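# Results of the structural survey
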Amino acid sequence: MTQAEKEQENGKEKEKDREKEKEQRGVKRPIAPPVIPEPLQEQIQSNFIVVINPGSKTLRIGRATDTLPVSIPHVIARRHKHAGQPRHEDPWLLREGLSRPESNEQRQNGLKMVDQAIWSKKMSNGARRIPVSADQARAFNKQMRPAVLDPNSRVKWTNTSHHPEFLVGDEALYVNPMDCYNIHWPVCRGQLNVHSGPSGSLTAVLADLETIWSHAIQKFLEIPLKDLKYYRCILLIPDIYNRQHVKELVNMLLMKMGFSATVVHQESVCATFGSGLSSACVVDVGDQKTSVCCVEDGISHRSSRLCLAYGGSDVTRCFFWLLQRAGFPYRECQLSNRLDCLLLQQLKETFCHLDQDISGLQDHEFRIRNPDSPALLYQFRLGDEKLQAPMAIFYPATFGIVGQKMTSLQQRSQGNPEDPYDEHYLLGTQSKQDQQSAKATAERKAPPKPSGFDGEPGSQNPEAADRSHPQDIDLGHSQSDCLMTGADVDEPPTALMSRKTAISQFEGKALGLDKAILHSIDCCASDETKKKMYSSILVVGGGLMFHRAQEFLQHRILNKMPPSFRRVVENVEVITRPKDMDPRLIAWKGGAVLACLDTTQELWVYQQEWQRFGMRILRERAAFVW
């Protein structure tokens, strides 16, 4: 076929197509709707989002675009309003429950268990450890005297000559005790530090938080407070949270500080975001509390949450007790002195470890630079004290805390008038629906009754009806109960009661960290989830940053995990520095990642919504079961 013939044929085909189109014009066809472009989502501007991670001793705050947050001591010094007012300082390393008659006995028993654990394990070369008694170190340390490095330490007290109303962070730590200032730590053991002392009311604590956060935003982020209406905020809260406190914090951020919107999310979930893991058993060892929680695909399993009322500060205080036992040469050291607490924290971070290959007596030195004093150099000798103190996390009796609640679980909401459709309402309506469906099922299955029978056809004995839906158990409203959400209603009554019994057994006791992890994983619903958790134990926070902590914890978990899982789980992995990041910053980093996710758009609580709906909007918008 020639080229001319090809072109002629193509022309004929085109004419046929045109004729077909003319014929179809008379036929009515459905009009296809025009493609409507989806509304463009509001562009996420991460540099206009502030991420706040409030810890008991350190506040971490920064823009979501910052590589690292600003970290400052979470403390405020407030000037006395009246002359001659008694001075108040919230304790740092001291706490209730240490001065009981049985405290010392408990401490000694805990230390015996620690020593037994140390001597039961050989060093990596197969040799036994060299036995060292505290008496050997004490004989050397008692004769040591400090050397003067410089008659002037060059460290100054904070200048208060202009009588500032308040001082924040490091400036507050270095306020002269002779000045007329009260020292407040507004967060204690992960919760708002509400107490019966001066400025211990909820209103005063919230005022302290607002002052500290506003100061940090202005000074370190260089954002004028009047511009916060253009900014949003992501607030990280503990896994086990107090709903009333969260409500007050959101109200403070939106209505008092003036952020345009906020997202509230849990530290454990943000820690998985920050480390790039989809699922993990998150172990957050903070300064004053330790929380354990299993997170799967961005959801924190409520039944797996545990909060232990000890942390890095307790290890520091235990180390100080062991140092005194070994004749610590700095004899003026006091736990009530702020600067001595800073020194002890530094000594713990420098010398303590979890490496069982380090054995025998060793010489060390440290410097003290206090205001209005010479710079001093101390030399001293230590043995196993450097290993014993961190091991107290696994044997918390060594802390000597008596008569305190040491283990907490998520508590049932006591209800709030602003939120009538809370979990009490959901449980009640769920029970009614279950009753109705069970009754209908029974009516369908029941045989027909004689016509002369009195009463409604198909009626049941009320006792039998109660037995037919075991969900209607009175779980009680006490705060020590294991608290159920709507998802927990499906559990059989035996499971509910056994869980309540288990909780009542250990809630008042101090669980060791390894036992707490095993218990948390054991609370997961399926074996598949448990396997995931054993193979991904993520340790964050600054309380377990000891040399060889990763191997130590891994060894203890392997030894204590149930035999059935030991055969199934390929490897127990403990992650202490994901992506070589500082474990103290991982939760904050996860908050910054959260700010950039498209799905976060659905979580924002806006100022106008908060004004209109109040606490109810948190139930709708929170990314976790409120």
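- Going by what an unreviewed UniProt entry lists, the protein is known as Actin-related protein 8 and is assigned to Lepisosteus oculatus.
- Comment text from UniProt for the protein, heading Function (unreviewed entry), reads "Plays an important role in the functional organization of mitotic chromosomes. Exhibits low basal ATPase activity, and unable to polymerize."
- Looking at the Sequence similarities (unreviewed entry) heading of the UniProt record, one finds this comment for the protein: "Belongs to the actin family. ARP8 subfamily."

### Description of unusual backbone geometry
- The backbone phi angle of R548 is positive, close to 70°, even though this residue is not glycine.
- Tracing the chain through its elements places R548 in the loop between β19 (537-540) and α16 (549-560).
- Judged by relative accessible area, R548 falls into the partly exposed class, the value being 33%.
- A positive phi angle is found at D580, which is not glycine, with a value near 55°.
- Looking at where D580 falls in the secondary structure, it is placed in the loop between β20 (574-575) and α18 (586-596).

### Points about the confidence of the model for the protein
- This prediction gives the protein a mean pLDDT of 84; 79% of its residues lie at or above 70.
- Confidence drops under a pLDDT of 50 for residues 449-498, and excluding neighbours within four residues, the segment shows 57 contacts in the predicted structure.

### Notes on the pattern of salt bridges
- Within this structure, the stated rule accounts for 21 salt bridges.
- Note that R338 is salt-bridged to E89, the shortest N-O span being 2.9 Å. With R338 in helix α9 (residues 338-351) and E89 in the loop between β4 (76-79) and α2 (103-120), this pair connects stretches of sequence that are 249 residues apart.
- Taking relative accessible area as the criterion, E89 reaches 24% and is therefore assigned partly exposed.

### Some points on the sheet that holds strand β6 (residues 166-168)
- As summarised here, the arrangement of the three strands in space is β6-β4-β7, forming an open sheet in which the pairing is antiparallel. A single partner strand is all that each edge strand has here, and the edge strands are β6 and β7 (181-184). Direction aside, the axes of adjacent strands within the sheet are offset by 20° on average.
- Pairing geometry for β4 and β7, over four bridges, is antiparallel. Counterpart to A77 in the pairing with β7 is I183.
- Seen against the sheet, helix α5 (residues 202-219) touches β4, β6 and β7 and runs at an angle of roughly 110° to β4.

### Re helix α14 (residues 513-522)
- With seven of ten residues buried, α14 is to be regarded as a mostly interior element.
- Of all the residues in α14, the buried ones are L513, D514, A516, I517, L518, S520 and I521.
- Elements that come into contact with the buried residues of α14 comprise β12 (279-285), β13 (290-296), β15 (306-308), α15 (527-534), β19 and α16.

How each quantity is defined
Residues numbered from 1 in each chain as written. Predicted model: local features only at pLDDT ≥ 70, side-chain atom pairs only at ≥ 80, totals over all residues. Heavy atoms only, no water. UniProt positions renumbered as here; feature names shortened; annotations may be inferred. Helix = DSSP H or I, 4+ residues; strand = E, 2+ residues; numbered from the N terminus. Buried < 20%, exposed > 50% of the residue type's maximum accessible area, 1.4 Å probe, protein only. pLDDT = per-residue confidence, 0-100. Contact = heavy atoms within 4.5 Å. Salt bridge = Lys/Arg side-chain N within 4 Å of Asp/Glu carboxyl O. Pairing = 2+ DSSP bridges. Axes fitted to C-alpha atoms, helices over the stretch in contact; angles between N-to-C directions.

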